[in-house]
Amino acid sequence: MKKVLALLLMTLVLTAGFAFKAIMVTDTGGLGDKSFNDGTWAGIQRAAKELGVEAKVIMSNEQSDYIPNLTKAAEEVLKEKDGGIVFAVGFMMQDALEKVARQYPTVYFAGIDISFDKELPNVINFLFKEQESAFLVGYIAAAMTRTGKVGFVGGIPIPPVERFRYGYEAGIKAYMDLKGKKVTVIRGYTNEFSDPKKGKDLANSQFSQGVDIIFAAAGACGNGVIEAAKERTEKLAGKGYENIKKYALSGKPVYYAIGVDVDQDYMAPGVVLTSAMKGIDTAGYYGVMWAYKGQFKGGLKVLGLKENGVRMSEMKYTKEIIDKLAPGAIKELEYLKSLIIEGKVIVPDSEEALKAFTVKGVKLPR
Amino acid sequence: MRKVLESILVPVLAVLIALLISAFVIVAIGKNPLQAYAVLVRGAFGSKQAIIDTLIKTTPLILTGLAVGFGFRAGVFNIGAEGQMAMGALIAASIASNFGNIPPVVAIPLTLVIGMGAGAGWAAIAGFLKAKTGAHEVVTTIMLNWITTFVASFMVTGPLATGSGTPKSPEIAASAQLPILMKVGAMELSAGIIISLLAAVFMYVFLNKTTVGYEVKAVGFNPYAAEYGGISVSKNVVLAMAISGALAGLAGVTELMGVHHRFLGELSGGKGFDGISIALIGQNNPIGIIFAALLIGALRTGSNEMQFLGVSKYIVIIVQGIVIFLVAADRIVRTIYLRKKVKS
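Note that the coordinates shown come from a computational prediction; the quantities given were computed from them, not determined experimentally.

Novice: Please explain helix α6 (residues 159–179) of chain A as it appears in this structure.
Specialist: Helical geometry note: an α-helix holds 3.6 residues per turn, so side chains three or four residues apart project in the same direction. When the terminal C-alpha atoms of α6 of chain A are compared, their 30 Å separation across 21 residues agrees well with the 30 Å that a helix rising 1.5 Å per residue should span. The buried fraction of α6 of chain A amounts to 15 of the 21 residues, a majority that puts the element mostly inside the structure.

Right, here's the structure in full:
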């Protein structure tokens, strides 16, 4: 009890000095999605902890909550002596953020995945080059597939989700161009981001069509995709990471999922091949930092591989398996990554660019 | 008189008991329930903004509550309010975005009628299937809900999609938007709340003062007796579904014309299903439904404020669940009681 009191007192003392607040308003997906909202929140909390300021979250139940919740958050920030920053997380909040930000020109806002037709001086719009991290995981998927069929499960086909798909398919295409292996992609959409069951159903239907690796860019629906891959793999290899690893290393085919937004490899070790990460946490972190230190500058901020705004997970659990079954793939990936950072390979961000995309000019190092 | 008092007492008691039980949950997560409830009330009614927010949320809930409640009175269980609401908004949005030069006097009623018509037509399919083939409306309306979901998400990502690719339709014409009654900051209360209250009056008058209403009620009460009395069962089943659907469509179209001004992917957001709980709490009575919707709307609005205290928004869902349980339990108790009476 005493300890708790002391801790409470300490936080009181710590927060008393700074009258600054970082408030995040989630979309209807809410916290607990293990990807989008949780990722941003982690970044905000990290910054808040470092600075010793208060961070709060309001979850939205429905779309008509966006305006009132953003308004509430802005009002809270206005009350603070040193201001603060309000985060709007998710493309669906575009209209609401624009309306509210106009009403509170002295409050800082940050929109994640939200872009405006006309930028506002008090709003940072964070966008990501999802296609660049998806390119890398697509390349690995193409290298690892045994059936020559890989799957894509998207949420709603909104621009960020589609950019993930373009990159993924471009990575697969790159592998085909460079290695001459034929890989087909089967696509599907859950048309929402919150129900894991829908992701699972779609994944199972793709698996039964002969797909053995699925990349999910579908928020919490993706958790269902991972579950489906895990169930199928466990049926073959038995439960537990050690069993799965031994089974996969022996060269027998298993089912894989590829995670999204944050490092989801831990969610099913050995089954989640890798994750296409998006620096939502980075955006959350810097948003708070900039607002606090007076370095805030409104406008569009696009984060890619170069800015470390998107990346691929470290493949903690699957690296050995990939090295054994697709030798050299990880090294080739490092090379391709450097080409993307140098701007020598431009990963497509539209359907037309994807159709025209090729890496025929690229020579892999021996 | 006693009956009226009783029907008010049951939901009020249910709410109080639910708040009491939830208080224990709040204590269990280490917060002060009194403080939490104070914030809840302040968040729902404490300021002009809060009141506007509450009323905005209450508007569609009154209408879906009326839709389901009307269905219950007419003996049909319309689970499809969700789909009818979305259908009403979707069709209205696709037409009303082209209303460039039509003056508001025409555009507003026209859009409302389109929305109601779409909802009514969509629900009438289930009514027709029930009347002709006996297919139960619970099953068919759920199926129709899914069709709506997929049609809507196809429309907003395909033919209706606007520039940036977010799943939403273009804005409806300014002349088709409902007039704003009150505006604070970015929050606007539209005339939708008045429409919803008028709809409640309509339901009361229709059921209690008209012949058609009497027939619909009679079929709902006992279809065999009604048929024996010369009332067409199949006609009235279709009619009941259509009116119920029109009310749900109205919920969608007021949300479209008063709040979002465009069709969004998840516009209905479960409000059709909330209508079921609201009809239950409001005992299928139009006035009861208004208050039940206000209750749920206020809880939802206040819960957002409560989150600042670190109390999860799900507490409110617990409250809602317990209220429904208790209101439904009241019926169970009454039914058992009645059976016993009949036996003895």
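From this point, things continue past the structure.
Novice: What am I meant to see in the UniProt feature "domain: ABC transporter substrate-binding protein PnrA-like" (unreviewed entry) in chain A here?
Specialist: According to UniProt, the "domain: ABC transporter substrate-binding protein PnrA-like" (unreviewed entry) feature falls on residues 21–349 of chain A. Taken end to end, residues 21–349 of chain A is 45% helix and 20% strand, and its first and last C-alpha atoms sit 36 Å apart.

Novice: Just to check I follow, could you spell out the confidence of the model for chain A for this structure?
Specialist: Any segment with low pLDDT has predicted coordinates that should not be analysed in fine detail. All names here are of chain A. Per-residue confidence for chain A gives a mean pLDDT of 88, with 95% of residues at or over 70. Averaged over each element, pLDDT in chain A is lowest for helix α1 (residues 2–17) (51) and highest for strand β6 (residues 149–154) (96). Low pLDDT, under 50, characterises residues 12–16; the predicted model gives this stretch two contacts beyond four residues in sequence or across chains.

Novice: Before we go on, may I ask you to explain the domain arrangement of chain A in this structure?
Specialist: For an interface, size is often stated in terms of accessible area lost upon the parts coming together. Residue and element names in this part refer to chain A. For chain A, the assigned domains are domain 1 (14–128 + 280–303) and domain 2 (130–278 + 328–356). Spacing between the C-alpha centres of domain 1 and domain 2 amounts to 30 Å. Contact with domain 1, which involves 10 residues of that partner, is made by 16 residues of domain 2. For the pair domain 1 and domain 2, the two sides together bury roughly 1100 Å², of which 62% comes from carbon and sulfur. For domain 1, the biggest contributors to the area lost against domain 2 are Lys34, Phe91 and Phe128; these three give 46% of the whole. Here Lys278 ties to Asp113 by a salt bridge, and the two come within 2.8 Å at their closest N and O atoms. There are four residue pairs in polar contact (both at pLDDT 80 or more) connecting domain 1 and domain 2. Within the residue set of the side of domain 1 that touches domain 2, elements represented by two or more residues are α2 (36–51) and α10 (280–293).

Novice: Help me understand the sheet that holds strand β4 (residues 108–112) of chain A, please; the structure alone is not making it clear to me.
Specialist: The strands that make up a sheet pair up through hydrogen bonds in the backbone, lying either parallel or antiparallel. Residues and elements named next belong to chain A. Reading across the sheet, the six strands line up as β2-β1-β3-β4-β5-β11 and stay open at both edges, with parallel pairing between neighbours. With partners counted over all chains shown, the strands left at the sheet margins are β2 (54–58) and β11 (299–303), one partner each. The mean angle between the axes of side-by-side strands here comes to 20°, regardless of whether they run parallel or antiparallel. Note: strand β1 (residues 21–25) against strand β3 (residues 84–89), five bridges, orientation parallel.

Novice: I tried to follow the interface of chain B and chain A on my own but got confused; where do I start?
Specialist: Taken together, the contact between chain B and chain A spans 32 residues of the former and 34 residues of the latter. In total, about 2900 Å² of surface goes out of reach between chain B and chain A, with carbon and sulfur atoms giving 52% of it. For the pair chain B and chain A, the number of links is six salt bridges. We note a salt bridge from Glu305 of chain B to Lys72 of chain A, for which the minimum N-O separation is 4.0 Å. The tally of links between chain B and chain A comes to eight residue pairs in polar contact (both at pLDDT 80 or more). Looking at the side of chain B that touches chain A, the elements with two or more residues in it are α3 (48–73), α6 (137–157), α10 (233–260) and α12 (286–306) of chain B.

Novice: Is there a simple way to think about the environment of Ser196 of chain B in this case?
Specialist: Residues and elements named next belong to chain B. Topologically, Ser196 is positioned in helix α7 (residues 192–209). According to the relative accessible area criterion, Ser196 is buried, its value standing at 0%. Taking the C-alpha atoms as reference points, Ser196 and Ile62, 134 residues apart in sequence, are found 6.3 Å from one another. Leaving out residues up to four positions away in the same chain, Ser196 has contacts with Thr59, Ile62, Leu63 and Leu66.

Novice: Would you mind showing me how to read the side chain of Glu305 of chain B here?
Specialist: With respect to the helices, strands and loops of the structure, Glu305 of chain B is situated in helix α12. Only 3.5 Å separates the side chain of Glu305 of chain B from the side chain of Arg42 of chain B, close enough to count as a polar contact. Beyond its immediate sequence surroundings of up to four residues, Glu305 of chain B is in contact with Lys72 of chain A together with Val39, Arg42 and Gly43 of chain B.

Novice: Even after reading the chapter, I still don't get the pairing of strand β2 (residues 187–190) of chain B, so can you show me in this structure?
Specialist: All names here are of chain B. As paired elements, strand β1 (residues 180–184) and β2 share four bridges and run antiparallel to each other. Within β2, the position partnered with Met182 by the bridge is Leu189. Here β1 hands over to β2 after two residues, with Gly185 in that stretch at a positive phi of 60°.

Novice: Would you explain the packing of helix α4 (residues 81–96) of chain B against α10 of chain B in this entry?
Specialist: To describe two helices that pack against each other, one gives the angle between their axes and the distance between the axes. All names here are of chain B. Here α4 crosses α10 at 55°, and the two axes come no closer than 7 Å. Our classification of the angle between α4 and α10 gives oblique. For the crossing formed where α4 meets α10, the hand is right-handed. On the side of α4, the interface is formed by Ala81, Gln84, Met85, Gly88, Ala89, Ala92 and Ala93, while α10 contributes Met241, Ser244, Gly245, Ala248, Gly249, Ala251, Gly252, Val253 and Leu256.

Novice: I would appreciate a short explanation of helix α4 (residues 94–103) of chain A in the present structure.
Specialist: Within the sequence span of α4 of chain A, burial applies to Gln94, Ala96, Leu97, Glu98, Val100 and Ala101 of chain A. Buried residues belonging to α4 of chain A abut α3 (66–79), β3, β4 and β5 (123–128) of chain A.

Novice: Teacher, can you tell me more about unusual backbone geometry here?
Specialist: Where the residue is not glycine, phi is negative for most of them; where a peptide bond is considered, it is trans in most cases. Positive phi, close to 70°, is recorded for Asp113 of chain A, a residue that is not glycine. Its location among the elements puts Asp113 of chain A in the loop between β4 and β5. You can call Asp113 of chain A buried: its relative accessible area is 8%. Backbone geometry places Asn284 of chain B, a non-glycine residue, at a positive phi of 60°. Among the secondary structure elements, Asn284 of chain B is positioned in the loop between α11 (271–281) and α12. With relative accessibility at 9%, the residue Asn284 of chain B sits in the buried group.

Novice: Sorry, what's going on with the pattern of salt bridges here?
Specialist: For side chains of opposite charge, pairing can occur when their charged atoms come near one another. Using the criterion set out here, one finds 33 salt bridges over all chains in the structure. Of the charged contacts, one joins Asp95 of chain A and Arg262 of chain B as a salt bridge, the two residues approaching to 2.9 Å between their closest N and O atoms. Here Asp95 of chain A, found in helix α4, pairs with Arg262 of chain B, found in the loop between α10 and α11, and the two come from separate chains. Among the residues examined, Arg262 of chain B registers a relative accessible area of 11% and is labelled buried. Among the ionic pairs, Glu130 of chain A bridges to Lys278 of chain A, the shortest N-O distance being 2.8 Å. Within this pair, whereas Glu130 of chain A is found in helix α5 (residues 130–144), its partner Lys278 of chain A is found in strand β10 (residues 272–278), the two being separated by 148 residues in sequence. By relative accessible area, which is 4% here, Lys278 of chain A ends up buried.

Conventions we followed
- Residues numbered from 1 in each chain as written.
- Chains lettered and ligands numbered in written order.
- Predicted model: local features only at pLDDT ≥ 70, side-chain atom pairs only at ≥ 80, totals over all residues.
- Heavy atoms only, no water.
- Helix = DSSP H or I, 4+ residues; strand = E, 2+ residues; numbered from the N terminus.
- Expected span 1.5 Å × (residues − 1).
- Buried < 20%, exposed > 50% of the residue type's maximum accessible area, 1.4 Å probe, protein only.
- UniProt positions renumbered as here; feature names shortened; annotations may be inferred.
- pLDDT = per-residue confidence, 0-100.
- Contact = heavy atoms within 4.5 Å.
- Domains from an automatic or database assignment.
- Buried area = accessible area lost by both parts, 1.4 Å probe.
- Salt bridge = Lys/Arg side-chain N within 4 Å of Asp/Glu carboxyl O.
- Polar contact = N/O pair within 3.5 Å; in protein donor to acceptor, adjacent residues only side chain to side chain.
- Pairing = 2+ DSSP bridges.
- Axes fitted to C-alpha atoms, helices over the stretch in contact; angles between N-to-C directions.
- Parallel < 35°, antiparallel > 145°, perpendicular 65-115°, else oblique.
- Left-handed = near helix turned anticlockwise from the far one by under 90°.

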